[in-house]
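Structure assessment
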Amino acid sequence: MSQTATLPASPDTFEDQAAPETKIRSYWQSVGYRLRHDKMTIFFGSIVILIVLAAIFAPLLAPFDPYKESIIGRLKPMGWRNHTLGTDELGRDMLTRLLYGGRVSLLMGIVPVIFATCVGGMLGVIAGFMGGRVNTGIMRTMDVFYAFPSVLLAVAISGAMGGGMLNGMLALTLVFIPPMCRVAETATTQVRSLDFIEAARATGAGTFIIVRHHVLGNVLGPVFIYASSLVSVSILLASGLSFLGLGVRPPTADWGLMLSTLRQSIYVVPVVCALPGLAIFVTSICFNLVSDGLRAAMDVRM
Amino acid sequence: MSRYILQRILYAIPIAFGVSVVCFSLVYLAPGDPLQTVLPPDATAETIEIVKKAYGFDKPLPIQFLIWLGKVVTGDFGMSIATRRPVLDEIIMALSNTGMLAMFAIPTAFTIGFLMGLLAGCFPGKWIDRGVTGTAVFGVSLPNYWLAIVMVIIFAVELSWLPATGMGPKGSAEFSIWRWSDTQFLVLPVITLSMIPIGIISRTTRAAIAEMRNQDFVQTLRAKGLSELAVIRHVIKNALPGVLAVMGLQFGYLLGGSILVETVFTWPGSGFLLSKAIINRDVPVLQGTILTLAIAFVMTNLIIDLLQSMIDPRIRRG
């Protein structure tokens, strides 16, 4: 595939369309097949895995102590005395702090999405399946939160609560619940009116069985894909909160916070100061492209 | 048509009401008693009672909310804890500065984004399409606060073509967009702010145009002998409502995203005011600014909805 991963793979590039006599694959087999042949997604997926591994094993990989300051070694350029990526305003090693910072940034990027997916997804399925007043009640409440631009809502909530990593994650969770709920609600409403639900009901299946076996299977796909696309947004927003001083407290390393404090030193070591932002950007774009690849492979339309 | 307009306006009222409830409750999200900020730490129980009464904190929450709402509607957002000035004055000042950024950033982002998307959609698969699609992916994942810093590094630090931050020596009171010595301070913030909407708008426009070009009516138009230019005009007209919806969202993005960009450029707009309020734990300013921006966003969406229905009568029936 020479196209970028953002374009959904066109069906006629797969041999199972061109040669009908090849064996029929199950849904997950064909998803796996498409993923294996999508070089872009594999490439960016491996970068994501590398970033996550680097964050997890930061203590093993880091060449220095993340909190070790040095008065003579402040704001040194890349390659100064074994400091591959230079040092920050307190003389701490940039590479080490970027590795450790990835832990906080990834955590703040991924955890809110997981919580929001659970809560928002559940509310959406309830709203979609029950319909009527329950739907109106839930969805109109969500509309109120939609009236805030996402950055604004995140800043408002975590700003009012006084910042900190936990408050930041809580704020991001609240920001992601409404769009997640809307995706789940749309998918559920579409499935609910289909004939096979009617058939299941006619055979005597209870609400729980219908939701568990017939609705969830059709809703999880869009919800999962949407959640994967939210991770990239969440990393951007989380780092933005840290950038405003609403995330972790110094001296903990975090990409957003590092970028914010190094901003004062752009006249001394401009390239080193831009590094934390580059880390945010690369991580975000990789998650974004992997999400696009997964969407194409799972053939989810939203 | 007038029925649809009325319906839309009636629908926006409960949303605006909900928004104000959320803003009101921001005060109660703050850790501890909201009175802590005004009371000295050694206040006696008696003083606390008096102050509570003075601020109306002794009344039940719904009553407090209605009193607050009544004040807000008449423009009384309270006093800033940090500057002791009325919050409204600060907000008006800040909004006019943000408005100046938006006045340049929005037309720039919308025209460039739309034109890029249009070109990409008209030549799907060609190099221009790939370029636009690639740029769009970059745009979506780009942290605008980082972009702002990179812009400052390149154009202010390395090349020293443009000033890095601020609004110039005279400040915002005497700022004039007609003087280059003032306008040069606008260039970097405007470019930074419009970059990400350009990515998103071009992507949406590309998708909408490419989809419309595959519709049957386009073939009919061609079969009737219309020139390619006339066909594109029809395609644009049909693709426009979807594009407009995204533009409305991007307007909100500009309002919200300006928080970080204005902080980097120390541009004294609403976003900068907000980040100052966060540092000073100035809840009245935080509350007032968020409420104003959110209401502005609700209004924009309402206007976009009405514009859409004017362009595409099908929406009115839906």
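Residues numbered from 1 in each chain as written. Chains lettered and ligands numbered in written order. Predicted model: local features only at pLDDT ≥ 70, side-chain atom pairs only at ≥ 80, totals over all residues.

**Focus on the overall build of chain A**
Convention followed: Strands are runs of DSSP state E lasting at least two residues, helices are runs of H or I lasting at least four, and both sets are numbered from the N terminus onward. Neighbour density around each residue's C-beta defines its exposure: 20 or more other C-beta atoms within 10 Å make it buried, 12 or fewer make it exposed, and counts between make it partly exposed, where C-beta atoms are placed from the backbone. Contact between two residues is assigned when their C-beta atoms, built from the backbone, lie within 7 Å.
Each helix and strand in chain A was counted, giving twelve helices and zero strands. Tracing chain A from N to C terminus, the helices and strands come up as α-α-α-α-α-α-α-α-α-α-α-α. Sorting the 302 residues of chain A into buried and exposed places 48% on the buried side. For chain A, long-range pairs separated by at least 24 residues make up 71% of all intrachain contacts whose partners lie at least 6 apart in sequence.

**Some thoughts on the packing of helix α4 (residues 87-122) of chain B against helix α5 (residues 127-141) of chain B**
All names here are of chain B. Filter applied, for reference: For helices, the axis comes from a line fit to the C-alpha atoms of the stretch in contact; other axes are also lines fit to C-alpha atoms, and the angle between any two N-to-C directions lies between 0 and 180 degrees. For classification purposes, an angle smaller than 35 degrees is called roughly parallel, one larger than 145 roughly antiparallel, one from 65 to 115 roughly perpendicular, and anything else oblique. When the near helix sits turned anticlockwise from the far one by under a right angle, the crossing is termed left-handed; a clockwise turn instead gives a right-handed crossing. Gly falls in the polar group here, along with every residue not listed as nonpolar (Ala, Val, Leu, Ile, Met, Phe, Trp, Tyr, Cys, Pro) or charged (Asp, Glu, Lys, Arg).
Where α4 meets α5, the axes come as close as 8 Å, and the angle between the chain directions of the two elements is 135°. Our classification of the angle between α4 and α5 gives oblique. Remark: the crossing between α4 and α5 carries left-handed chirality. Every residue of α5 that contacts α4 at Met116, Gly117, Leu119 and Ala120 is listed here: Ile128, Asp129, Val132 and Thr133. Considered class by class, the residues forming the contact of α4 with α5 number five nonpolar, two polar and one charged.

**Considerations on the interface of chain B and chain A**
For an interface, size is often stated in terms of accessible area lost upon the parts coming together. Taken together, the 45 residues of chain B in the interface contact 40 residues of chain A. Elements supplying a minimum of two residues to the side of chain B that touches chain A: α1 (2-29), α5, α6 (144-158), α9 (228-265), α10 (270-279) and α11 (283-311) of chain B. Ranked by the residues each element gives to the side of chain B that touches chain A, the list is headed by α9 of chain B, at nine residues. Taken together, the residues of the side of chain B that touches chain A break down into 34 nonpolar, nine polar and two charged.

**Here's the deal with helix α10 (residues 207-243) of chain A**
Residue and element names in this part refer to chain A. Selection rule: The span one expects for a helix is its residue count, reduced by one, times 1.5 Å. Consider a residue and the seven residues that end there alongside the seven that start there; fitting an axis to each set, the bend is the angle between those axes.
Under the 1.5 Å per step criterion, the end-to-end length of α10 is only 46 Å for 37 residues, more than 12% shorter than the ideal 54 Å. Leucine 216 marks the point of greatest bend in α10, at about 50°. Taken from the residues just after α10, glycine 245 is the one with a positive phi, measuring 85°.

**Description of the confidence of the model for chain B**
All names here are of chain B. For the record, the criterion: Residue-level confidence of the predictor is summarised by pLDDT, bounded by 0 at the bottom and 100 at the top.
Per-residue confidence for chain B gives a mean pLDDT of 81, with 88% of residues at or over 70. Of all helices and strands in chain B, the one with the weakest mean pLDDT is helix α12 (residues 314-317) (68), whereas α4 scores best (87). Our summary of model confidence lists the complex with pTM equal to 0.83 and ipTM equal to 0.81.

**Thoughts on the nonpolar core**
Note on soluble globular proteins: their nonpolar side chains tend to be buried together. Under the convention used in this document: Only buried Ala, Val, Leu, Ile, Met, Phe, Trp, Tyr and Cys residues enter a nonpolar core, and they are joined through C-beta atoms within 7 Å.
Core analysis: the largest hydrophobic core is formed by 159 residues, its most contacted members being Leu152 and Ala154 of chain A together with Ala148, Ile149, Leu286 and Ala294 of chain B. Residues in contact with isoleucine 149 of chain B, not counting those within four places in the same chain, are Leu259, Arg263, Ile266, Cys273, Ala274 and Gly277 of chain A together with Val264 of chain B.

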